[in-house]
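Listed below are the residues making up each chain.
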Amino acid sequence: MKSYLLGIDIGTGGCKTTILDSTGAFVSDGFAEYPTYHPKVGWSEQKATSWFPAFLSSLHIALEKGSVPPSAIIALCISASAHNAVLLDADGSVIRDTIMWTDQRSHDESEYLKAHFSESIFRISYQTPAPTWTLPQLMWIRRNEPEVFSRIHRLMFIKDYVRYQLTGNWCTDYIEAQGSMLFDNGAWKWSEELCAIGEIPARILPPIVEPQQVSGHITSEASRFTGIPEGTPVINGATDTALEHYCVGAIEEGACVVKVATASTVNIFGETAQPHPSGLTYSQIPKGLWSTCFATNSAAASLRWYRDTFCAMELREEITGGENVYSILDEEAAAVAPGSAGLFFHPYLMGERSPHWDPKLRGSFVGITAHHTRGHFNRAILEGVAFSIKENFEIAETLQPVQEICLVGGGAKSRIWTGIVADVLNKPIVKFEKDDSSYGAAMLAGVGVGVFESHERAIAKCRKLIGRIQPTPENAAAYEKAFALYCEIHADLKKTYNKL
């Protein structure tokens, strides 16, 4: 019987599964959305009960599309977004909804950490305190929900919780641990000092393993739900961003990957860590490689918000067999000239991470006139996110010059958005056929069970180049002028955003 590898990504917006065969060829994929809840301004939560049903739905879609019997899956691996703590009590029950990485409620805790412990935290974790990290989130829970905090018996991260449901094993990997702001990058273990700063009991933190390590096997109960044979090895996995880097072969010094997904990131790679106070610093799946990351909070999330808020009729039609709403929005945006006739969008729907690190920023459309159509608003969102990326890209280039960019993420599947990013950054873009973290997870599953003998061999077998997109000189020149206005608008409105 032919054998297959399964990759799973529990993303911020939904679950995607990807199936590869044992030669590294793509077979099929599936996707299922789930909601994020915003009970208060700046809050962002998900329910742990959403993830496993979405995984099952996306798995069954992928199996059916690929005509793959689940009994033929020989290994699987899971990824998810970082920073998101799933809290369990002594009975193994989830205590509260998961605070997501976009959540801004722990602003006061972050400011306290910056005021009193910034130097120690940066030295140990390579990070600057902000609400995106698990440490201030846990401090918020301790201060505001002490009865919840007192019941925490085990802390897991999203991918580790889903793997726990499949295997019964509790662990995480070092890349995920780095996303907590509780990991010591020098000693390569959980930091007793950082735990003490946050008054976090170290006993609740999981054991740390390698990303490609077998971290458990499918239980009989999980087998009944999934059809995957009991005893099938489950590879630990890593964060979604790390596996996106992995699947496009960014495992060498000098690479640059820009991600346009729920969030957007600009990542540069080196054999030595380059911690930056405005960025995020992570090791990568091949040990000895580091990335410095600069991150926009709401990239494709801005477009999804716009779709969900203003395109209800088109969404209903899509559900009943109509055209994909994102395709409609792209077509309308493509009919508008670069610059959106002076309409600007700032993507601060959930505050902003780098370079501003300001949870009080707010999103805005500026420059609206009676001339503007929905297409102008569509394009302004794509351009506004690209301008936000450019703010981060300019900082990244102070650390390392960039010759070309590998673009990944769901937003990168949009031809018009890809072209806008190339023009705004004025750099050539390299595109690969598959750049999903679920694809990278399937590749890592193959390495974990020896189907691929090395990371390099997995990349050689699975990565397929589509081509290069060159910037258009006249568009790049126009966007350079528009970018200056984008920055000026931000400077003018920053005080107003904070007053709001």
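Please refer to the structure placed before this passage.
Only a predicted model underlies this, so the values are computations on that prediction, with no experimental measurement involved. Just so you know, the residues in each chain are numbered from 1, in the order the chain's sequence is written. Two thresholds apply to this predicted model, a pLDDT of at least 70 for residue-level local features and 80 or more for giving and counting side-chain atom pairs, whereas whole-chain, interface and lining totals are computed over all residues. The side-chain quantities take in all heavy atoms of the structure and omit both hydrogens and water.

Exposure above 30% relative accessible area and the absence of a salt bridge qualify a residue for a patch, where like charges join within 9 Å and nonpolar side chains (Val, Leu, Ile, Met, Phe, Trp, Tyr) within 5 Å. Accessible areas in this description were obtained via Shrake-Rupley with a 1.4 Å probe; residue shielding takes into account the shown protein chains only. Salt bridges are defined as contacts in which a side-chain nitrogen from Lys or Arg sits within 4 Å of a carboxyl oxygen from Asp or Glu. On the surface, a cluster of nonpolar side chains totalling about 170 Å² of accessible area is made up of Ile74, Val214 and Val449. Mapped onto the elements, Ile74 comes out in strand S5 (residues 73-80). For Ile74, a relative accessible area of 31% corresponds to the partly exposed category. Counting from the N terminus, the helices are DSSP H or I runs at least four residues long and the strands are E runs at least two residues long. Exposure classes here rest on a 1.4 Å probe applied to the protein chains alone. A residue is buried below 20% of its type maximum, exposed above 50%, and partly exposed in between.

Taken as a whole and judged by the stated rule, the model has 36 salt bridges. Between Glu45 and Arg96 there is a salt bridge, with the nearest N and O atoms lying 3.4 Å from each other. Placement of the pair is Glu45 in strand S4 (residues 45-46) and Arg96 in the loop between strand S6 (85-88) and strand S7 (98-99), with a sequence separation of 51 residues. As far as the burial class goes, Glu45 and Arg96 line up, both buried. Measuring nitrogen to oxygen at the nearest pair gives 3.0 Å for the salt bridge that ties Lys413 to Asp436. Residue Lys413 is located in the loop between strand S21 (405-408) and helix H14 (415-425), and its partner Asp436 is located in the loop between strand S22 (429-432) and helix H15 (437-448); the two are separated by 23 residues in the primary sequence. Take Asp436: its relative accessible area is 11%, and that puts it in the buried class. Here the salt bridges do not stand alone but share partners, grouping Lys16, Asp29, Lys65, Lys413, Lys431, Asp435 and Asp436 into one network.

So, about the environment of Gly42. By the secondary structure assignment, Gly42 is in the loop between strand S3 (26-33) and S4. Note: C-alpha distance between Gly42 and Trp133 (91 residues apart in sequence) is 15 Å. We call two residues contacting when some pair of their heavy atoms lies within 4.5 Å. Setting aside residues no more than four positions away along its own chain, Gly42 makes contact with Thr102, Asp103, Gln104, Arg105 and Met350.

General note: in soluble globular proteins, nonpolar side chains tend to be found buried as a group. Ranked by internal contacts, the top residues of the largest apolar core, which has 71 residues, are Leu87, Leu155, Leu182, Ile200, Tyr246, Val248 and Met443. Examining the composition of this core, we find that seven residues originate from one element, H15, more than from any other. Contact partners of Met443, with chain neighbours within four places excluded, come to Leu20, Tyr246, Cys247, Phe452, Ala458, Ile459 and Cys462. Buried Ala, Val, Leu, Ile, Met, Phe, Trp, Tyr and Cys residues that are joined via side-chain atoms within 4.5 Å together make up what is termed a nonpolar core. Within the second largest apolar cluster, 49 residues are counted, among which are Phe393, Ala412, Trp417 and Tyr486.

Here we come to the sheet that holds strand S23 (residues 465-469). One requirement defines pairing of two strands: DSSP has to find at least two bridges between them. The sheet built from seven strands is open, its strands ordered S17-S18-S16-S15-S21-S22-S23 with mixed pairing. Looking along the sheet, the strands with just one partner apiece sit at the ends: strand S17 (280-283) and S23. In this sheet, adjacent strand axes meet at a mean angle of 25° when their direction is disregarded. Relative to S23, S22 runs antiparallel, the two sharing four bridges. Bridge pairing links Val430 to Arg468 in S23. Axis lines are fitted to C-alpha atoms, over the contacting stretch for helices. Their N-to-C directions set the angle, which ranges from 0 to 180 degrees. Running over the sheet, helix H13 (residues 374-399) touches strand S15 (256-260), strand S16 (264-270), strand S18 (290-296) and S21 and is turned about 155° from S18.

Below, the discussion takes up the packing of aromatic side chains. Between rings of Phe, Tyr and Trp, where Trp is taken as its six-membered ring, a pair exists when centres lie within 6.5 Å; planes separated by under 30 degrees are stacked, by over 60 edge-to-face, and by other angles tilted. Counted by the stated rule, this structure contains 22 aromatic pairs. A centroid spacing of 6.3 Å and a plane angle of 80° characterise the contact between Phe52 and Phe225, whose relative ring orientation is edge-to-face. With Phe52 in helix H1 (residues 51-66) and Phe225 in helix H8 (residues 220-226), this residue pair connects regions lying 173 residues apart in the sequence. A ring pair is formed by Phe387 and Tyr479, whose centres lie 5.9 Å apart and whose planes are at 75°; its orientation type is edge-to-face.

Next up on the list: the pairing of strand S1 (residues 4-10). With seven of seven residues buried, S1 lies mostly within the body of the structure. Across the two faces of S1 the burial is the same, with Tyr4, Leu6, Ile8 and Ile10 and Leu5, Gly7 and Asp9 all buried. Note: S1 against S5, seven bridges, orientation parallel. Its bridge partner lying in S5, Leu5 is registered against Ala75. As paired elements, S1 and strand S2 (residues 14-21) share seven bridges and run antiparallel to each other. Bridge assignment links Gly7 to a residue of S2, and that residue is Thr18.

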